[in-house]
Amino acid sequence: MKGINVYFIGTAGSGKTHLLAAFSEWLDFHKIDHVTVNLDPGSEDMPYSPDIDIREYFTLNDIMLRYGVGPNGAQILGADLLGAEIDEIKDEIEYYDVPYVLIDTPGQMELFTLRRSGEIVVNVLGKDSVAVFLFDPVISKTPDGFVSVTFLMASSVFRLKIPHIPVLSKCDLLGTREIERIESWSDPDVLYSELGSGVEREVFHVVREAGFLQKPVPVSAKKGYGMEDVYDSIQEIFYGGEDMDRILY
Ligand SMILES: Nc1nc2c(ncn2[C@@H]2O[C@H](COP(=O)(O)OP(=O)(O)O)[C@@H](O)[C@H]2O)c(=O)[nH]1
Ligand SMILES: [Mg+2]
């Protein structure tokens, strides 16, 4: 069956795992068939039980014991080992034969986006692919933080070469005024006027010229808010629709 792979990508603690769980619940409620895949060998206390789980192949603890490395080394090795197991994971996914595959990625985004493993995973799993890219609200609520996260998203687009949907996670932690302020930064003039001078403005020009300044979709996994907007954005990318504004890449 032709399906869509949806990767959840973002900085450590931005809420990837919880958003995947909330989106999966939303799909369940709407009777939309899907499968959940955990690619984070270090995941603990997860809010969903993955149908397919890298931890059945190895965990960070296994790696520390087997290779005599500490937690940081284990994370890096874990990311590289992911590439070695991905063919088996692909077979597992294909067995389910469902229209949506939700994929949770390693805690630290650079392990997935900057090392080869992310590229390998996206290529091997194939199908139509999209990334839901999380903007951490604590980082994104200042203009320079917002530009920095946009820059990180740009590096993820460069590496993975798939469309990215920017979402502002954990919106329940922000006030309405704060959300509106962040949304107003999709207008380059507004963002520019609120930025400091110097290097911030140089970086601003780069992300603007490359078309990366977008209004992130506000979501809250805790409140189950914004799931329909995420779903609609995915639909827009793969099944057309006139409003292509949110689509990056
Ligand atoms: N208030 C609030 N907290 C959240 C939300 N989503 C995640 N969190 C919390 O943020 C922390 C990191 O979430 P997690 O999904 O593990 O992030 P990940 O490292 O990107 O996978 C956890 O303590 C979650 O309980 C949300 O929508 N609202
Ligand atoms: Mg996680």
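Above this text is the structure in question.
None of the values given here were measured: they were computed from a predicted structure. (Residues numbered from 1 in each chain as written. Chains lettered and ligands numbered in written order. Predicted model: local features only at pLDDT ≥ 70, side-chain atom pairs only at ≥ 80, totals over all residues.)

**Student:** Would you mind showing me how to read the pairing of strand S1 (residues 4–10) here?
**Tutor:** The side chains of a regular strand alternate between the sheet's two faces. Of all 7 residues that make up S1, 6 are buried, and the element is covered over most of its length. In the sheet, S1 pairs with strand S5 (residues 128–135) via 7 bridges, with the strands oriented parallel. Its bridge partner being in S5, Val6 is matched across the sheet by Val130. (Buried ≥ 20, exposed ≤ 12 C-beta atoms within 10 Å, placed from the backbone. Helix = DSSP H or I, 4+ residues; strand = E, 2+ residues; numbered from the N terminus. Pairing = 2+ DSSP bridges.)

**Student:** Which parts of the structure should I look at to understand unusual backbone geometry?
**Tutor:** Apart from glycine, the bulk of residues carry a negative phi angle, and the bulk of peptide bonds sit in the trans form. Positive phi is not limited to glycine here, since Lys31 has a value of about 55°. Within the fold, Lys31 resides in the loop between helix H1 (16–29) and strand S2 (34–38). On the basis of neighbour count, Lys31 is assigned to the exposed category, with 6 C-beta atoms found within 10 Å. The backbone of Lys161 shows a phi angle near 55°, a positive value even though the residue is not glycine. Looking at the element boundaries, Lys161 is found in the loop between helix H7 (143–160) and strand S6 (164–168).

**Student:** Teacher, can you tell me more about the site of ligand 1 here?
**Tutor:** Gly15, Lys16, Thr17, His18 and Lys222 are the nearest of the 15 residues found near ligand 1. A total of 3 residues in the shell around ligand 1 trace back to one element, the largest contributor, which is H1. Classifying every residue of the shell around ligand 1 gives 3 nonpolar, 8 polar and 4 charged. (Near = placed C-beta within 6 Å. Nonpolar A, V, L, I, M, F, W, Y, C, P; charged D, E, K, R; others polar.)

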